[in-house]
Number of protein chains: 2
Amino acid sequence: MPAVRPVADLTASRTDWCDTILKGDCVAALERLPEHSVDAIFADPPYNLQLGGDLHRPDQSKVDAVDDAWDQFDSFQAYDAFTRAWLLAARRVLKPNGTIWVIGSYHNIFRVGAKLQDLGYWILNDVVWRKTNPMPNFRGRRFQNAHETMIWASRDQKAKGYTFNYEALKASNDDVQMRTDWLFPICTGAERLKGADGAKAHPTQKPEALLARVLMASTRPGDVVLDPFFGSGTTGAVAKRLGRHFVGIEREQAYIDAATARIDAVEPLDNPELAILTGKRAEPRIAFVSLIEAGLVAPGLELSDAKRRWTARVRADGTVAVGNEAGSIHKMGARVQGLDACNGWTFWHFDRKGAPTPLDALRQDMRQRMAVAAA
Amino acid sequence: MPAVRPVADLTASRTDWCDTILKGDCVAALERLPEHSVDAIFADPPYNLQLGGDLHRPDQSKVDAVDDAWDQFDSFQAYDAFTRAWLLAARRVLKPNGTIWVIGSYHNIFRVGAKLQDLGYWILNDVVWRKTNPMPNFRGRRFQNAHETMIWASRDQKAKGYTFNYEALKASNDDVQMRTDWLFPICTGAERLKGADGAKAHPTQKPEALLARVLMASTRPGDVVLDPFFGSGTTGAVAKRLGRHFVGIEREQAYIDAATARIDAVEPLDNPELAILTGKRAEPRIAFVSLIEAGLVAPGLELSDAKRRWTARVRADGTVAVGNEAGSIHKMGARVQGLDACNGWTFWHFDRKGAPTPLDALRQDMRQRMAVAAA
DNA sequence: GTTAGTCCTGAATCTCTTA
DNA sequence: ATAAGAGATTCAGGACTAA
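Residues numbered from 1 in each chain as written. Chains lettered and ligands numbered in written order. Predicted model: local features only at pLDDT ≥ 70, side-chain atom pairs only at ≥ 80, totals over all residues. Heavy atoms only, no water.

Some thoughts on the nonpolar core
Looking at soluble globular proteins, one finds that nonpolar side chains tend to be buried together. The biggest cluster of nonpolar side chains holds 75 residues, and the ones touching the most others in it are A:Trp86 and B:Trp86. With seven residues, helix 2 (residues 69-93) of chain A is the largest single contributor of residues to this core. Discounting chain neighbours no more than four positions away, the residues touching A:Trp86 are A:Cys26, A:Val27, A:Leu30, A:Ala43, A:Pro45, A:Ile100, A:Val102, A:Pro228 and A:Phe229. One finds A:Ala212, A:Val266, B:Phe143 and B:Ala326 within the second-largest nonpolar core, a separate group that totals 46 residues. (Core = buried A, V, L, I, M, F, W, Y, C linked by side-chain atoms within 4.5 Å. Buried < 20%, exposed > 50% of the residue type's maximum accessible area, 1.4 Å probe, protein only. Helix = DSSP H or I, 4+ residues; strand = E, 2+ residues; numbered from the N terminus. Contact = heavy atoms within 4.5 Å.)

Encoded structure:
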């Protein structure tokens, strides 16, 4: 399925880059992609910051073995410049309501996080991937490094319309909110891509389960997910399986070959399986007055709260009256309780066969009618 | 026990500052302390939360936010300058083989980590404090922020002689290495310091169990532990109990008073090296979605109750669909039976070799996979 | 005394649409 | 652009009260 394209051949046509792997430098490729063209980004950038032993700059050029403080600073600086460049280019490509995930370890994640903030990204959460089976610390001189950190950020502070499938996550998690600490095994066994020699095809292949949760949480079917450090193509494989589109950027042909074969073998899920649970937020809005117009509520109907402490009376204009005052069901619910906000749909009840029933039940009936009428 | 001293009166004599609280500005106080004089530092600096307006719980009660003046900074730049100044001053005071711990959240920890690296500190681990009882995300727009991050660093890369009580930690952890993810409740109940009015004495008091593990891991009895943001004095209280010395720096008299009384009441342990490191056991809670992520359950799988009266279909989002409706395994189990509640794990079955098998069997398999060496 | 129900609170960067 | 109105949203644990 995924074609491979040299970056130089890229045009603005979506068919030219969607569900493909762009071969070349990450920043150069990002700069050729159209502005505001992807819904989400998942990035697993290199963090070769190891300052002992062989030292490589992010561009893979070798650094003379020096271990003084100045060289450390120099190396961090190079890493920061690299990070800034790709995060900036990625931000241009991201849609205004898109979000970005970056995964890293303590070697690089602090620098990445600071740069994200510097460039105007707005951090939504940091998420910890707890490993069930991390590598032990062999020297016994530190804690067992048992997690990695992901940062989830929107394009900027004001972007409130980002995708977050809150209700689905909660329903899939024993009906409690999904937390920021996730537990997954590292990628081993059959899932781990091997080369012809049996050696692992990529040193840092991420588990598909991790990507699945990321994409199920923050994207919708049909969205485009960009991975600027495509590597073994986990992002592409999971995106395809879950009915999302992907774009990968990768420099090394060996990784491109492995990822291509891997993604080709993925069978996408059917549409019904991909539906995402949504909550009230996604329901069409109903004006209270429309219940009166539809005859579901008669003017003059008496309302009360669930414990019958306060009563109100429905007026023909869609407001309710409490004593001499009148206003929306929400306003008056707040007023009687002395609060500054109230959901009138769930606060006010009417009598149905002797049982206090919330107005929300009538709203459901109304939505049913509208759905039937539309069909 | 702890005397309080104005910074101006400080001399180089250790008796002049050990087991005392220095009242004044953090950097000024650090600059008056002797070079290379403390074995460890634990710092809980302001997080720079950048809160917007008020936040209310769904029941309309207002969240008591951390809106203190000491947490307000004009910009990331201002916060960086502040961070750099105190980390630099702290580094001078730290012994060559000393280590520093800094705790923070995603608001500030990335900036702190980057500055630590810039200044020559060498990160040994990042440690995640998982909270058993974090505050929920009330608006349902993000993941529940359920952890904070601590960075543990040596004074520089070449410092190999830092204290790490590997064997003691392992022995106290069911004979497996201590991991970087720690589980503790937040500080509440009797441990939480209250003012005369019953209000919390400090907005961000840390649990003693957290500090106990930090000090047991990285200090020895008789060591001096510095806390440049002393606050309610948790570091001092735990240090005293575990037979370590402390130095606190704090600006606000109210916090100094609370910490002084608190530390006075602490009784040191006879054998601090035998102190038990208490932590919560990791609870093996399994989310239904994790079965899907792990490939144990495929989207599209048909479920039914034991007597095959009702069927449901698994979706990729971790919910199950019955007809046009979808929800958690528990909600939909209750729905089809017309009940208020239902245990979806035991109610829903799938076909295994012709026999209806409850989802709970797969949960058992999952528990095996997710078993983590003791928390 | 026991148990069940209610209330309170914690480092929080917490909405969306229409006028 | 800003402002205002509609209306959607919570988990664990300790303290307290009522049965």
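The discussion continues.
Looking at the domain arrangement of chain A
Domain parsing of chain A yields domain 1 (3-273) and domain 2 (288-374). The C-alpha-based centres of domain 1 of chain A and domain 2 of chain A are spaced at 49 Å. (Domains from an automatic or database assignment.)

What about the interface of chain B and chain A?
Interface size, as often reported, equals the accessible area lost upon joining of the parts. Taken residue by residue, the interface counts 80 residues in chain B and 79 residues in chain A. For the pairing of chain B and chain A, the buried interface totals around 7,000 Å² over both sides, and the portion due to carbon and sulfur atoms is 51%. The largest share of the area that chain B buries against chain A comes from B:Phe110, B:Arg141 and B:Phe143, three residues that together contribute 13% of it. Note that A:Arg213 and B:Glu293 form a salt bridge whose closest N and O atoms lie 2.8 Å from each other. If you tally residues by element for the side of chain B that touches chain A, the top one is strand 5 (residues 122-131) of chain B, at nine residues. Among the residues forming the side of chain B that touches chain A, the class breakdown is 36 nonpolar, 26 polar and 18 charged. (Buried area = accessible area lost by both parts, 1.4 Å probe. Salt bridge = Lys/Arg side-chain N within 4 Å of Asp/Glu carboxyl O. Nonpolar A, V, L, I, M, F, W, Y, C, P; charged D, E, K, R; others polar.)

A few points about the pattern of salt bridges
Applying the stated rule across the entire model yields 39 salt bridges over all chains. With its nearest N and O atoms 3.7 Å apart, the salt bridge here joins A:Asp317 to A:Arg315. For A:Arg315, a relative accessible area of 37% translates into the label partly exposed. For A:Arg335, the salt bridge goes to A:Glu325, with nearest N and O atoms at 2.6 Å. Remark: A:Glu325 occurs in strand 15 (residues 325-327) and A:Arg335 occurs in helix 10 (residues 329-337); sequence separation between them is 10 residues. We classify A:Glu325 as partly exposed; its relative accessible area is 42%. One connected set of salt bridges, linked through shared partners, spans A:Asp80, A:Arg111 and B:Asp118.

Topic: the protein's contact with DNA strand C
All names here are of chain B. Taken together, 41 residues lie around DNA strand C, and Gln50, Arg57, Tyr106, Arg139 and Arg192 are the ones closest in. Restricting the count to atoms of DNA strand C within 4 Å of the protein gives a sugar and phosphate share of 44%. Residue Arg141 places a side-chain N or O atom 3.1 Å away from a phosphate oxygen belonging to DNA strand C. Interatomic distance of 2.7 Å between a side-chain N/O atom of Arg192 and a phosphate oxygen of DNA strand C. Here the residues of the surface near DNA strand C sort into 19 nonpolar, eight polar and 14 charged. (Near = heavy atom within 4 Å. Polar contact = N/O pair within 3.5 Å; in protein donor to acceptor, adjacent residues only side chain to side chain.)

Thoughts on the packing of helix 5 (residues 208-218) of chain A against helix 6 (residues 234-241) of chain A
Angle between the axes and distance between the axes are the two parameters that describe a pair of packed helices. Residues and elements named next belong to chain A. One can describe the packing of helix 5 onto helix 6 by two numbers: an axis separation of 9 Å at closest approach and a directional angle of 55°. By the angle between their directions, the pair helix 5 and helix 6 is classed as oblique. Relative to helix 6, helix 5 is oriented so that their crossing is right-handed. Packed against helix 5, whose contacting residues are Glu208, Leu211, Ala212 and Leu215, the element helix 6 presents Thr234, Thr235, Ala237, Val238, Ala239 and Arg241 at the interface. Its residues assigned to classes, the contact of helix 5 with helix 6 shows six nonpolar, two polar and two charged. (Axes fitted to C-alpha atoms, helices over the stretch in contact; angles between N-to-C directions. Parallel < 35°, antiparallel > 145°, perpendicular 65-115°, else oblique. Left-handed = near helix turned anticlockwise from the far one by under 90°.)

Considering the packing of helix 3 (residues 109-118) of chain A against helix 3 (residues 109-118) of chain B
Packing of helix 3 of chain A against helix 3 of chain B brings their axes to within 7 Å, and their N-to-C directions diverge by 120°. Considering the angle they form, helix 3 of chain A stands oblique to helix 3 of chain B. At the point where helix 3 of chain A passes helix 3 of chain B, the crossing takes the left-handed sense. Each of A:Ile109, A:Phe110, A:Arg111, A:Gly113, A:Ala114, A:Gln117 and A:Asp118 in helix 3 of chain A lies in contact with helix 3 of chain B, whose residues at this interface are B:Ile109, B:Phe110, B:Arg111, B:Gly113, B:Ala114, B:Gln117 and B:Asp118.

Examining the sheet that holds strand 7 (residues 181-184) of chain B
Residues and elements named next belong to chain B. Reading across from one edge, 1-2-9-8-3-4-6-5-7 is the order of the nine strands in this open sheet, with mixed pairing throughout. At either end of the open sheet lies a strand with only one pairing partner, and these are strand 1 (3-6) and strand 7. The mean angle between the axes of side-by-side strands here comes to 20°, regardless of whether they run parallel or antiparallel. Note: strand 3 (residues 38-43) against strand 8 (residues 224-227), two bridges, orientation parallel. Within strand 8, the residue paired with Ile41 across the bridge is Leu226. In this fold helix 5 (residues 208-218) packs onto strand 3, strand 4 (94-104), strand 5, strand 6 (147-154), strand 7 and strand 8, with an angle of close to 140° to the strand it touches most, strand 7. (Pairing = 2+ DSSP bridges.)

Here's the deal with the pairing of strand 9 (residues 181-184) of chain A
Residues and elements named next belong to chain A. On strand 9, burial covers both faces: Asp181 and Leu183 on one face and Trp182 and Phe184 on the other are all buried. Pairing between strand 7 (residues 122-131) and strand 9: four bridges, direction parallel. Looking at the pairing, Lys131 lines up with Phe184 of strand 9.

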